[in-house]
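Given next are the chains, with one letter for each unit.
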Amino acid sequence: MRADRLVAALLLMQARGRVTAAELAEELEVSVATARRDLEALSAAGIPVYPQAGRGGGWSLLGGARTDLTGLTAHEAQALFLLAGPAAPATPEVRSALRKLMRALPQTFREEAEAAAGAVVVDPARWGEPGKERPELVRVLQGATVRRRRVRLVYEGRRDRERTERVVDPWGLVDKDDVWYLLAGTERGQRTFRVDRIAEAVVTEEGFERPGDFELARAWEGVVAEMERRRSTVSATVLIADRLLPILRDHFGRHCRTLGTEADGRVRVRVAAPMALTIAEQLAGWGARVEVVEPEQVRAELARIGAELVERYRP
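What counts, and at which threshold
- Residues numbered from 1 in each chain as written.
- Predicted model: local features only at pLDDT ≥ 70, side-chain atom pairs only at ≥ 80, totals over all residues.
- Heavy atoms only, no water.
- Pairing = 2+ DSSP bridges.
- Helix = DSSP H or I, 4+ residues; strand = E, 2+ residues; numbered from the N terminus.
- Axes fitted to C-alpha atoms, helices over the stretch in contact; angles between N-to-C directions.
- Parallel < 35°, antiparallel > 145°, perpendicular 65-115°, else oblique.
- Left-handed = near helix turned anticlockwise from the far one by under 90°.
- Contact = heavy atoms within 4.5 Å.
- 1 Å grid on protein atoms, 1.4 Å probe; cavity = no way out; pocket = protein on both sides within 12 Å on 5 of 7 lines; lining within 4 Å.
- Points joined across faces, edges and corners; volume = space filled by probe spheres on them.
- Nonpolar A, V, L, I, M, F, W, Y, C, P; charged D, E, K, R; others polar.
- Buried < 20%, exposed > 50% of the residue type's maximum accessible area, 1.4 Å probe, protein only.
- Arc of directions from axis to C-beta.
- Phe/Tyr/Trp six-rings, centres within 6.5 Å; stacked < 30°, edge-to-face > 60°.

Take the sheet that holds strand β5 (residues 163–176) next. One open sheet holds the 5 strands; their spatial order is β7-β6-β5-β4-β8, and the pairing between them is antiparallel. Of all the strands in the sheet, just β7 (189–194) and β8 (198–207) have a single pairing partner and so form its edges. Sheet twist, expressed as the mean angle between neighbouring strand axes with direction ignored, is 45°. Note: strand β4 (residues 149–156) against β8, 6 bridges, orientation antiparallel.

So this is what it looks like as structure tokens:
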């Protein structure tokens, strides 16, 4: 897009002080004539850009003027490249954007920015799995979100697998632990959809306005808080050896809270899950290494599971 090229041209002049039309054409991968027209357009638009003829000439910002298009400090540039760098190997668009931004940075920032870009690699595939690519459906929904276009979804229910059709306003996408979610506006207000349960998505030409006070990060925090509340409706108090506490925490995550230490050295812990059966299933494999103090419904579920195992595997 021409607007992108004009911004890039300004950034290059700010970083280098002076560029020729040929240099700009090479950087932006356009013809020299196109680069020259872009520079002339900047000048015509009132930007203090002027040409200097002759050997060593080129186009410069008048009087060393600077734009506020970057405004980056050294630490901000490092943070940006640390964030975007890990995504670059899998995304040609990110690689291209990083190269262009790198060229636009002041020389004093470039060395550390380059180091930051190559300091981290994110490999989302587990051992033994092939490389993972972003689902095509995510790309479709991203495009609709950016362009502010309504989407007609065919959505599959979690329990009954029944498919329903809905028209939504895509407000934002979230990748949580390799599961994608769509936050969208509907006739009933904000709703969250798992992308892997969207059977079909058709982007319409009907536009929408996202609420002015909507912030994706804040909205997602609310979704997470509600989901975690639902996932912790039943709690149990257990006693466990201190050396095993880290393993228990790994099982229950944020729903594992230490309450204190008993006289015999065991740790009293509160764990939570959606149902008593879920807690019992998590603890059954621990055998006598974990003692459930309360509630009785979790103890009863453990007793039932134990009886089933004895019945199945009795010699």
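What follows concerns the packing of helix α10 (residues 276–284) against helix α11 (residues 296–313). When two helices pack together, you describe them by how their axes are tilted relative to each other and by the distance separating the axes. In contact at an axis separation of 8 Å, α10 and α11 are set at 55° when each is read in the N-to-C sense. As judged from the angle between their axes, α10 and α11 are oblique. Where α10 crosses over α11, the handedness of that crossing is right-handed. Between α10 and α11, the residues in contact are Ala276, Leu277, Ile279, Ala280, Glu281, Leu283 and Ala284 and Gln297, Val298, Glu301, Leu302, Arg304 and Ile305, respectively.

The method is simple in principle: a probe with the dimensions of a water molecule rolls over the atoms, and the space it marks as empty is what remains. Estimated volume of the largest pocket: approximately 1,100 Å³. Contributing to the lining of the largest pocket are 25 residues, with Arg158, Tyr181, Arg194, Met227 and Arg230 lying nearest its centre. Of all the secondary-structure elements, those providing two or more residues to the lining of the largest pocket are β5, β6 (179–186), β7 and α8 (216–230). Ranked by the residues each element gives to the lining of the largest pocket, the list is headed by α8, at 9 residues. Of the residues in the lining of the largest pocket, the class split is 10 nonpolar, 3 polar and 12 charged.

Among all positions in helix α9 (residues 245–252), only Leu245, Leu248 and Phe252 are buried. Take α9 and look down its axis: the buried residues cluster within an arc of 60°, on one side only. In this structure, α9 carries Pro246 and Asp250 as exposed residues pointing more than 90 degrees from its buried face. Buried residues along α9 sit in contact with β9 (234–240), β10 (256–261), β11 (267–273) and α10. Of the residues one or two after α9, Gly253 is the one with positive phi, at around 60°.

Once that is clear, we can look at the packing of aromatic side chains. Scanning the model with the defined rule gives 3 aromatic pairs in all. On the numbers, 5.0 Å between centres and 85° between planes, the contact of Tyr155 with Phe193 is edge-to-face. One end of the pair, Tyr155, is in strand β4; the other, Phe193, is in strand β7, and 38 residues separate them in sequence. Both residues of the pair, Tyr155 and Phe193, count as buried. Consider the rings of Tyr181 and Trp220, whose centres lie 5.3 Å apart with planes at 40°: the pair is tilted. Residue Tyr181 is found in strand β6, and its partner Trp220 is found in helix α8; the two are separated by 39 residues along the sequence. Each member of the pair, Tyr181 together with Trp220, is buried.

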